[in-house]
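Residue-level structure breakdown
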Amino acid sequence: MMNTETVPQPIYLRDYTPPPFSVESLKLHFALDESATEVSARMQLQATGTAQPLRLNGQKLELLALRIDGNEVGEDEYTVDEESLTLHRPPERFELEVVTRIDPSANTALEGLYTSSGNFCTQCEAEGFRKITYYPDRPDVMTIFTTTIVADKAKYPVLLSNGNQVEQGELDGGKHFVTWHDPHPKPCYLFALVAGDLACIDDSFTTMSGREVKLQLFVQHGNEDKTAHAMASLKKAMAWDEQTFGREYDLDIYMIVAVDDFNMGAMENKGLNIFNSRFVLAKQETATDTDFYGIESVIAHEYFHNWSGNRVTCRDWFQLSLKEGFTVFRDQQFSADMNSPAVQRIDDVTMLRTHQFAEDAGPMAHPVRPDSYVEINNFYTLTVYEKGAELIRMLHTLLGAKCFRKGSDLYFERHDGQAVTCEDFVQAMADANDYDLTSFLNWYRQAGTPHVEVRREYHAGNRALTLHMRQHTPPTPGQPEKQPMPIPVKTALLDEHGTALPLRLEGESDASGTERILLLGQPEQSFTFTDVSPGTVPSLLRNFSAPVKLKTDYSDEELAFLMGHDNDPFNRREAGQQLALRVLLNQYASAQKGENGGVHAGLSAAFARNLTDPSLDQALIAEAISLPAESYVAEFIDKVDPQLLHKVHLGIRSELAQEHRAVLQKIYDKCDSSGPYRVDAASMGRRRLRNQCLNYLMLLDDDAVVEQCLAQYHEADNMTDGLAAMSALTHTGHEAATAVLEDFYHRWKDDNLVLDKWFAIQASSPFEATYETVAALVEHADFHIRNPNRVRSLIGAFGMRNPVAFHRVDGKGYTFLASFIMELDQLNPQVAARLLTPLTQWHRYDLSRQEKMRGELERILGSGKCSKDVYEVVSKSLD
Ligand code: TRP
Ligand code: ZN
């Protein structure tokens, strides 16, 4: 915690210097105790250059002993402060032994060593290792770890760390010990330790070179029946990485531990992943399709880090996207291959556009590779992860799958065992393919979402179609001027049947291919196709080939045509979204003037066509009939009134439901869930479509539909359908919701992950009165401020998924959130800072709301006891 006199200082990328000492090996010894764990760290240090002091990071540590080559270090030889220990004149080469005492039971920040449900676990990324012992806590210091854990045998029968188990034995006083050795040098952020009484699920995987790897999943006793999906996902991910990237696993054992208290999704510690239990535990009764999907992707993500992150790691934390962007890209490709590529792409882009675009347009906007930060934990962002993945995807698009693979092979071979930069990655891609990617680095350096505008010009005389393209990136904090970026605009030309035509650009002798990447590298550029018949419609930015905001000159009729005919599934759905967006924006403008726009015939016809389109599978129909999210629509409105927007959005949905109720009901009936429950793409698509139809039908306020919804709730044999019914009842404000919520609570109150859903559904209910509900739920016996999942399910959902209640004109939503954040900040700064996101978006709202939101941000800052995490976000938001 800081007071107002000590304003936290930023760290700059330009100040990077290599470490003054390398660590040749590290021996850790833990004597575990809930409130007084003793840690001994013995490291072999070697100066890398001329004599320099050695500064080790350390926080909240009680120093018990400090020895150089076995001798106590004299008091005048070192200094200790809140953040570090400095040896003034260390030898060039020596062994340092540091003994510290820490209190895991008091660790509410969940960084370093802490306890969760009576077990010990660690979280060291990004800078948690410094809460365990004094050490050069930076990713470019890599060493070989040997870890011995001593603990009470009855309470902690399972003792785990990275690598292979090399020794174990009994000790006096009912204790035992285990020693682990990790042969792969690693930075300390990949260190992990787990101790507890856990159930173990065993399996194995045979790698492509025929080695057998032992797979182990550790969960709390009683959860063994919820591990099958995670284990199956792990095996699929291992096989996929061999086939797709040629990457084989490199230890004899791979362990995953599920814990209930975790700040993020999961952590890729070498050979010992630690997971938020929500990304491990699932069975049909307790987990939704979205949960199953999330587990498959997070399990894969952490596994893929073994190469993209662990074998090749980051030089410094500015390079975070080196591992995260690449690994997200890898997990997206994996999920696409395991399920439906089109649905995967649509969902990934929706996430990017609704959340990352907002981040890029707000006060926390930063490049994929930031050039400064105050608290690195604040930079595990959608920009670093999702936009970072889009950069990798653009390289994949530009080079093609085969050449991309050549590039990744070179990257892994060239940098194995190293800590490197984003340039190193791009350079490997360039070198492997003899392709100049110099200007591509602008994508890493510049914040903000580029706007691309395409205008068409057709010359009937010489049958030429010219696409005039322009790019422009608006200024972001600290970056008033922007350079043009290379933007791949994947393009096809469609005839009146939707057939993609062979393409011939001006100057080419023959037509070839039906899809081209037009590389927009200048502020303005034109591309002319020849031999183009009149009426040909271009399909632009296919499969969302670049993370930009695209403005086109399509008529409503052309959008309708693309919606029915584009052979790119992403663009097909996108055309419908564009049409719906137009209607929503028009109706919003009318509503502001007190007018009612009425039903839009074109949108209604499109909706009908999508519902029954035989060429779309069920998941794609569900996507096609959903309107763009309110938060996405809000991006296009200056000073939005969120309640009015909700009213307009709801109005259009209700009208569509009214007009198409017969078809919606027919599809609902046809998609019934009888038959065995499955989690394959087809079954998930069927449930998605059915529940989407239910959502529309529930807007009719018709007793028969309510009966059907109640029946679905009571008869469902799986959480997806049960929860969808409960959500539909709650979110339409139906009185029957009360009894259902009550029933659900009593059925599931002992299952934390399910109870999170109960909190979240109530918190996201789109009524102003939800504010009172949430304020009351904070006092509920099952609300635990120390559990991040519970906090996110109630407070996070309220702030980020409930514009109607959160943005109440009386400002109560803002005050409530700010007060909660101040309380949580004293316990868990990392999670507290994340909850600030909705308040940082104040510039998007009308003046009266702006003032109230800023007032709350000022109140937080004025308290004078913010963590670095909260301080950074609040102060940047007020700039
Ligand atoms: N490296 C993790 C991932 O993306 C992210 C992570 C897990 C993390 N726990 C964290 C980041 C705690 C910061 C702090 O897979
Ligand atoms: Zn990651």
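Up top is the structure these notes are about.
Here the structure is a predicted model, which means the values were calculated and not measured.

**Structural notes on the nonpolar core**
- Counting residues in each nonpolar core, the largest one holds 280 residues, and the members touching the most others are Leu-87, Leu-96 and Phe-129.
- It is helix 5 (residues 382-399) that provides the largest number of residues to this core, a total of nine residues.
- Excluding anything up to four places from it in sequence, Phe-129 contacts Leu-26, Leu-28, Cys-124, Tyr-135, Asp-137, Phe-145, Cys-188 and Phe-191.

**Considerations on the coordination of the zinc ion (ligand 2)**
- Here the zinc ion (ligand 2) is held by His-301 (NE2), His-305 (NE2), Glu-324 (OE) and Glu-324 (OE), and the distances to it run 1.9 to 2.7 Å.
- Each of the six donor atoms around the zinc ion (ligand 2) contributes to a set of angles spanning 47 to 160°, which defines the coordination as irregular.
- Each donor residue of the zinc ion (ligand 2) belongs to the same chain, and together they define the spacing H-x3-H-x18-E. A residue pair is termed long-range when its members are at least 10 positions apart, and His-301 in helix 2 (residues 289-304) and Glu-324 in helix 3 (residues 320-338) qualify at 23 residues. Like Glu-324, His-301 is buried.

**Details of helix 27 (residues 847-862)**
- Taking 1.5 Å per residue as the helical rise, helix 27 with its 16 residues ought to reach 22 Å, and the 22 Å between its terminal C-alpha atoms agrees with that figure.
- Within the sequence span of helix 27, burial applies to Arg-849, Gln-850, Met-853, Glu-856, Leu-857 and Ile-860. Taken down its axis, helix 27 places every buried residue within 130° of arc, on the same side. Those residues of helix 27 that are exposed and aimed more than 90 degrees away from the buried face are Leu-847, Glu-851 and Gly-862.
- Turning to helix 27, the residues buried within the fold contact helix 14 (642-659), helix 23 (803-806), helix 24 (812-825), helix 26 (837-840) and helix 28 (868-878).

**As for the sheet that holds strand 4 (residues 54-57)**
- Read from one edge to the other, the open sheet built from three strands follows the order 4-8-7, with strand pairing classed as antiparallel. The sheet is open, and its two borders are formed by strand 4 and strand 7 (78-80), each paired with just one other strand. If you compare each strand with its neighbour and ignore which way they point, the axes differ by 15° on average.

**Brief notes about the site of ligand 1**
- The environment of ligand 1 is formed by 16 residues, the closest being Glu-125, Ala-266, Glu-268, Glu-302 and Tyr-385.
- Contacts to ligand 1 include Gln-123, whose side-chain N or O atom sits 3.2 Å from a nitrogen atom.
- Residue Glu-125 places a side-chain N or O atom 2.5 Å away from a nitrogen atom belonging to ligand 1.
- Among the secondary structure elements, those contributing two or more residues to the shell around ligand 1 are strand 20 (266-267), helix 2 and helix 3.
- Class assignment of the residues belonging to the shell around ligand 1 gives a composition of six nonpolar, five polar and five charged.

Definitions and limits used
- Residues numbered from 1 in each chain as written.
- Chains lettered and ligands numbered in written order.
- Predicted model: local features only at pLDDT ≥ 70, side-chain atom pairs only at ≥ 80, totals over all residues.
- Heavy atoms only, no water.
- Core = buried A, V, L, I, M, F, W, Y, C linked by side-chain atoms within 4.5 Å.
- Buried < 20%, exposed > 50% of the residue type's maximum accessible area, 1.4 Å probe, protein only.
- Helix = DSSP H or I, 4+ residues; strand = E, 2+ residues; numbered from the N terminus.
- Contact = heavy atoms within 4.5 Å.
- Donors = N, O, S within 2.8 Å, 3.2 Å for Na, K, Ca; no water.
- Tetrahedral: all angles 85-135°; square planar, octahedral: opposite > 155°, others 65-115°.
- Expected span 1.5 Å × (residues − 1).
- Arc of directions from axis to C-beta.
- Pairing = 2+ DSSP bridges.
- Axes fitted to C-alpha atoms, helices over the stretch in contact; angles between N-to-C directions.
- Near = heavy atom within 4 Å.
- Polar contact = N/O pair within 3.5 Å; in protein donor to acceptor, adjacent residues only side chain to side chain.
- Nonpolar A, V, L, I, M, F, W, Y, C, P; charged D, E, K, R; others polar.

By themselves, these observations are geometric and do not establish any function.
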